[in-house]
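# Coordinate analysis (summary)
This is what each chain is made of:
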Amino acid sequence: MQRDISVFRPVEAYAEAASSRTHGVVAIISFCIFVGTIIFGFVPVTREIETSGYSTADLQESTTRTDVDTILQAFDPVMDSVVLLSVLDYLFIIAGFFLFSRSIHS
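Since we're looking at a predicted model, the values are computed, not measured.

So, on to helix H2 (residues 20–50). Taking 1.5 Å per residue as the helical rise, H2 with its 31 residues ought to reach 45 Å, and the 43 Å between its terminal C-alpha atoms agrees with that figure. A bend of about 35° at Thr37 is the largest found in H2. For H2, the full list of buried residues reads His23, Ser30, Gly36, Thr37, Gly41, Phe42, Val45 and Ile49.

Here you go:
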């Protein structure tokens, strides 16, 4: 007797357990969170961070400790926005994962 071993068995079981309507609702919610995170999250938070004179891209591109210290000191008044940007990154990834899984299910 040969057992059919599938890496996708848990995904298939999940896809078959819920109705098409449930999958549609999850897809719509995921899409709204995905787009909403961009429009209402990344855009205003990035603008707030850029009032410091630097962006997070500048921090990523800095190559010396002096440059990093200068940018971090400039970020000090907007540090809450920098932290919020990190949280939004994770939310964006999670919503994208659910949106991707819905498209695979379709």
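Turning next to the pattern of salt bridges. Tallied over the full model, the rule gives one salt bridge. Here Asp69 makes a salt bridge to Arg65, at a shortest N to O gap of 3.5 Å. One end of the pair is Asp69 and the other is Arg65, both in helix H4 (residues 65–75) and four residues apart, which spans about a single turn. Asp69 sits in the partly exposed class, given a relative accessible area of 31%.

This brings us to the nonpolar core. Ranked by size, the top nonpolar core spans nine residues in total: Phe42, Val45, Ile49, Ile71, Phe75, Val78, Val82, Leu85 and Leu88. Those elements that place two or more of their residues in this core are H2, H4 and helix H5 (79–105). Setting aside chain neighbours within four positions, we find Phe42 in contact with Thr37, Leu85, Leu88, Asp89 and Phe92.

Right, let's get into the side chain of Ser55. Within the secondary structure layout, Ser55 lies in the loop between H2 and helix H3 (56–61). Filtering out sequence-adjacent residues up to four positions away, Ser55 remains in contact with Glu50 and Phe75.

This paragraph deals with the environment of Thr46. Tracing the chain through its elements places Thr46 in helix H2. Each C-alpha atom, one on Thr46 and one on Thr56, is 8.3 Å from the other, the two residues being 10 residues apart in sequence. Of note is the side chain of Thr46, whose polar atom sits 2.6 Å from the backbone oxygen of Phe42.

Tallied over the full model, the rule gives two aromatic pairs. Centre to centre, the rings of Phe34 and Phe92 are 4.4 Å apart; their planes meet at 15°, and the pair counts as stacked. Taken together, the positions of Phe34 in helix H2 and Phe92 in helix H5 put the pair 58 residues apart, joining distant regions of the chain. When its relative accessible area of 23% is taken as the criterion, Phe34 is described as partly exposed. Phe92 sits in the partly exposed class, given a relative accessible area of 24%. Arranged with centres 5.5 Å apart and planes meeting at 80°, the rings of Phe42 and Phe92 form a pair that is edge-to-face. Here the residue Phe42 occupies a position in helix H2, and Phe92 occupies one in helix H5, the gap between them amounting to 50 residues. For Phe42, a relative accessible area of 15% translates into the label buried. Pairwise contacts between aromatic rings join Phe34, Phe42 and Phe92 into one cluster.

Procedures and definitions
Residues numbered from 1 in each chain as written. Predicted model: local features only at pLDDT ≥ 70, side-chain atom pairs only at ≥ 80, totals over all residues. Heavy atoms only, no water. Helix = DSSP H or I, 4+ residues; strand = E, 2+ residues; numbered from the N terminus. Expected span 1.5 Å × (residues − 1). Bend = angle between axes of the 7 residues up to and from the residue. Buried < 20%, exposed > 50% of the residue type's maximum accessible area, 1.4 Å probe, protein only. Salt bridge = Lys/Arg side-chain N within 4 Å of Asp/Glu carboxyl O. Core = buried A, V, L, I, M, F, W, Y, C linked by side-chain atoms within 4.5 Å. Contact = heavy atoms within 4.5 Å. Polar contact = N/O pair within 3.5 Å; in protein donor to acceptor, adjacent residues only side chain to side chain. Phe/Tyr/Trp six-rings, centres within 6.5 Å; stacked < 30°, edge-to-face > 60°.

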